[in-house]
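Each chain is listed here by its residues.
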Amino acid sequence: MVTVFLRCTMPIFLDWQRRGGCEFWEWIDPPMCDRATVVIPSLLKKIRRLEQEISIIFRS
């Protein structure tokens, strides 16, 4: 799995110095596997449920 970072290469001029780029970045991740698309949402749901239980316990 490879993560790709893209940066703007348009030259800009500040304070009489040439600096490359406009500070624009784009992060491109490859698609997740089928198993990850099933497991991750279920884990997030479980975390939310447990956090909710904890908040109920501390409110009591």
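Residues numbered from 1 in each chain as written. Predicted model: local features only at pLDDT ≥ 70, side-chain atom pairs only at ≥ 80, totals over all residues. Heavy atoms only, no water.

Student: Break down the overall build of the protein chain for me, citing the residues and quoting the values.
Tutor: If you tally the helices and strands in the protein chain, you get one helix and four strands. Ordered by position from the N terminus, the helices and strands of the protein chain form the series β-β-β-β-α. Counting all 60 residues of the protein chain, 5% fall into the buried class. Within the protein chain, counting contacts between residues at least 6 apart in sequence, those at least 24 apart form 20% of the total. (Helix = DSSP H or I, 4+ residues; strand = E, 2+ residues; numbered from the N terminus. Buried < 20%, exposed > 50% of the residue type's maximum accessible area, 1.4 Å probe, protein only. Contact = heavy atoms within 4.5 Å.)

Student: An account of a nonpolar patch on the surface is needed here, citing residue identities and associated values.
Tutor: A surface patch of nonpolar side chains, amounting to about 350 Å² of accessible area, comprises Met32, Ile40, Leu44 and Ile47. As for its placement among the helices and strands, Leu44 is situated in helix α1 (residues 34-59). (Patch = residues over 30% accessible without salt bridge, like charges linked within 9 Å, V, L, I, M, F, W, Y side chains within 5 Å. Areas by Shrake-Rupley, 256 points an atom, 1.4 Å probe, with all protein chains shown as cover. Salt bridge = Lys/Arg side-chain N within 4 Å of Asp/Glu carboxyl O.)

Student: An account of the confidence of the model for the protein chain is requested, with residue identities and associated values reported.
Tutor: Confidence in the prediction of the protein chain, expressed as mean pLDDT, is 78, and 58% of residues score 70 or more. Looking over the protein chain, one finds the lowest element-wise mean pLDDT in strand β3 (residues 17-20), namely 54, and the highest in α1, namely 95. (pLDDT = per-residue confidence, 0-100.)

Student: So what about the pattern of salt bridges? Which residues, and what values?
Tutor: Scanning the model with the defined rule gives one salt bridge in all. With its nearest N and O atoms 3.0 Å apart, the salt bridge here joins Arg49 to Glu53. Of this pair, Arg49 and Glu53 both sit in helix α1, four residues apart, which is roughly one turn of that helix.

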